[in-house]
Amino acid sequence: LSRSRSVPFIVPPTLHGRDWVNLTNKEHIQEDSDPYMIPQSGPRSSFHSLAGAYVVGTINPELYKFPEDKSETDFPEGNIGRLWFSIEYEQESEKLLVSLIKVRKLQPPADSCSPFVKIYLLPDERSYLQSKTKRKTLNPQFDENFVFQVSSKTLLQRTLKFLVYHVDKQKKHNLLGQVVFPLKNETLTDDNKVFIWRDLEKENLELPSEYGDIQFSLSYNDYLGRLTVVVLRARGLKLQEESHAVSVYVKVSLMNHNKLIKSKKTAAVLGSPNPVYNETFSFKADQTELDTASLSLSVLQSIKGEKIHLLGHVVVGPFMYTRSKELEHWNEMISKPKELVKRWHALCHST
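Calculation criteria
- Residues numbered from 1 in each chain as written.
- Predicted model: local features only at pLDDT ≥ 70, side-chain atom pairs only at ≥ 80, totals over all residues.
- Heavy atoms only, no water.
- Patch = residues over 30% accessible without salt bridge, like charges linked within 9 Å, V, L, I, M, F, W, Y side chains within 5 Å.
- Areas by Shrake-Rupley, 256 points an atom, 1.4 Å probe, with all protein chains shown as cover.
- Salt bridge = Lys/Arg side-chain N within 4 Å of Asp/Glu carboxyl O.
- Lys, Arg positive; Asp, Glu negative; His and termini not counted.
- Charge placed at Lys NZ, Arg CZ, Asp CG, Glu CD.
- Helix = DSSP H or I, 4+ residues; strand = E, 2+ residues; numbered from the N terminus.
- Buried < 20%, exposed > 50% of the residue type's maximum accessible area, 1.4 Å probe, protein only.
- Pairing = 2+ DSSP bridges.
- Axes fitted to C-alpha atoms, helices over the stretch in contact; angles between N-to-C directions.
- Contact = heavy atoms within 4.5 Å.
- Phe/Tyr/Trp six-rings, centres within 6.5 Å; stacked < 30°, edge-to-face > 60°.

Peer 1: Before we move on, can you summarise a positive patch on the surface with the specific residues and values?
Peer 2: A cluster of basic residues, R135, K136, K169 and K171, forms a positive patch on the protein surface. For K136, the position within the fold is in the loop between β7 (129-130) and β8 (141-149).

Peer 1: Requested: an account of the environment of K102, with residues and values cited.
Peer 2: Here K102 shows up in strand β5 (residues 95-104). In this structure, the C-alpha to C-alpha distance between K102 and F142, residues 40 residues apart in sequence, is 5.2 Å.

Peer 1: Requested: an account of the pairing of strand β10 (residues 173-182), with residues and values cited.
Peer 2: In terms of burial, β10 is largely enclosed, as 8 of its 10 residues are buried. By the bridge criterion, 9 bridges tie strand β9 (residues 159-167) to β10 in an arrangement that is antiparallel. Residue pairing for β10: H166 is matched across the bridge by N174.

Peer 1: Could you give an account of the sheet that holds strand β11 (residues 194-199), naming the residues involved and the relevant values?
Peer 2: Taken together, the 4 strands give an open sheet; going across it, the order is β8-β5-β4-β11, and neighbouring strands pair in antiparallel fashion. Whereas interior strands pair on both sides, the edge strands pair on one side only; in this sheet they are β8 and β11. Neighbouring strand axes in the sheet, compared pairwise and without regard to direction, differ in orientation by 25° on average. Two elements, strand β4 (residues 82-90) and β11, share 6 bridges in a ladder whose sense is antiparallel. Along β11, the bridge assignment pairs R82 with D199.

Peer 1: Quick one: what's the story with the environment of L218, residue by residue and with numbers?
Peer 2: Along the chain, the position of L218 falls in strand β12 (residues 213-221). L218 gets classed as buried once you look at its relative accessible area, which sits at 0%. Residue contacts for L218: discarding those within four places in its chain leaves T228, V229, L295, V316, H329, M333, E339, L340 and V341.

Peer 1: Kindly report on the packing of aromatic side chains, identifying the contributing residues and their values.
Peer 2: Taken as a whole, this structure holds 4 aromatic pairs when the rule is applied. Ring plane angle 10° and centroid distance 5.3 Å describe the contact between F116 and Y165, whose orientation is recorded as stacked. One end of the pair, F116, is in strand β6 (residues 115-122); the other, Y165, is in strand β9, with 49 residues separating them in the sequence. Its relative accessible area of 13% is what places Y165 among the buried residues.

Peer 1: Just give me the short version of the pairing of β5, but keep the residues and values in it.
Peer 2: Of all the 10 residues making up β5, 8 are buried; the element is thus mostly covered by neighbouring parts of the structure. Inspection of the sheet shows β4 paired to β5 by 9 bridges, in the antiparallel sense. Residue pairing for β5: L83 is matched across the bridge by V103. Counted along the chain from β4 to the antiparallel partner β5, the turn is 4 residues long, and its residue E94 has a positive phi close to 55°.

Function cannot be inferred from these measures alone, as they are strictly geometric.
The following block contains the structure:
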């Protein structure tokens, strides 16, 4: 690596005075006749003139660098790739502009990788826009622009989904990972381009269970006595009727000895059997209560804000209330304090 060159620190001609001249050990500096002439490089200790300015020292540029962009270098363990994109919304034309920028550090199953990306605007699962295929690279640079027509009324209920595939030698498409990005948390105004990066996630390729599934993360902070639930998404829900009048939300309840302590609700998502929430809830729960506490997550739908119908629920907690995956999730949360532990769970209808 070459050593970074120091940059001259200059006193402009207007500030010349006897004091400055003294700084140069009484060595007078000849003004250059051409104001744009760059002095010839000489020994570092000698003084040069830039359009009659005195050089009184040097600055180390390393001290004034912008902080490095960690998104290009910090990849968590088990990472399967990272995707960068930008979004912008034009109010007048009701267009959502999506720029697919790049993907880095893909982990293909084979040696070579020729990736492309499909972009959906959920809840519409039928139509998508597709990028070009990049040949033989794990770090594709796309720089492609896509436009979705979407009304400002429904914009914040929509979710972008990016599916990253690679084409193998048999021309088969293999899914490498996905990014699901709800628009509800973004402030999308004219001339406001938002740049975002997200890590790819494995799409859960199991078929949805009978009543659908819900994905959420659990975390327990033993120091603060705080139980945190991040409701991520649900899929394969059996809605009573599929229309924008149907709203689906999740109610999270902390129980102790089957007695309700506190309930919290997500915002409602309209008309989708695969709603995305990404909402975080915290509950006070002392460590001594964890053996008798449990969490109930109920997925509910209402039509035009009236009749409420239970689509399914799941309970996670200790051995007193749960078994199998629900018990495992709870135990893993306790064994990894302050870590978010993410799992899918099948919804059931029995009480």
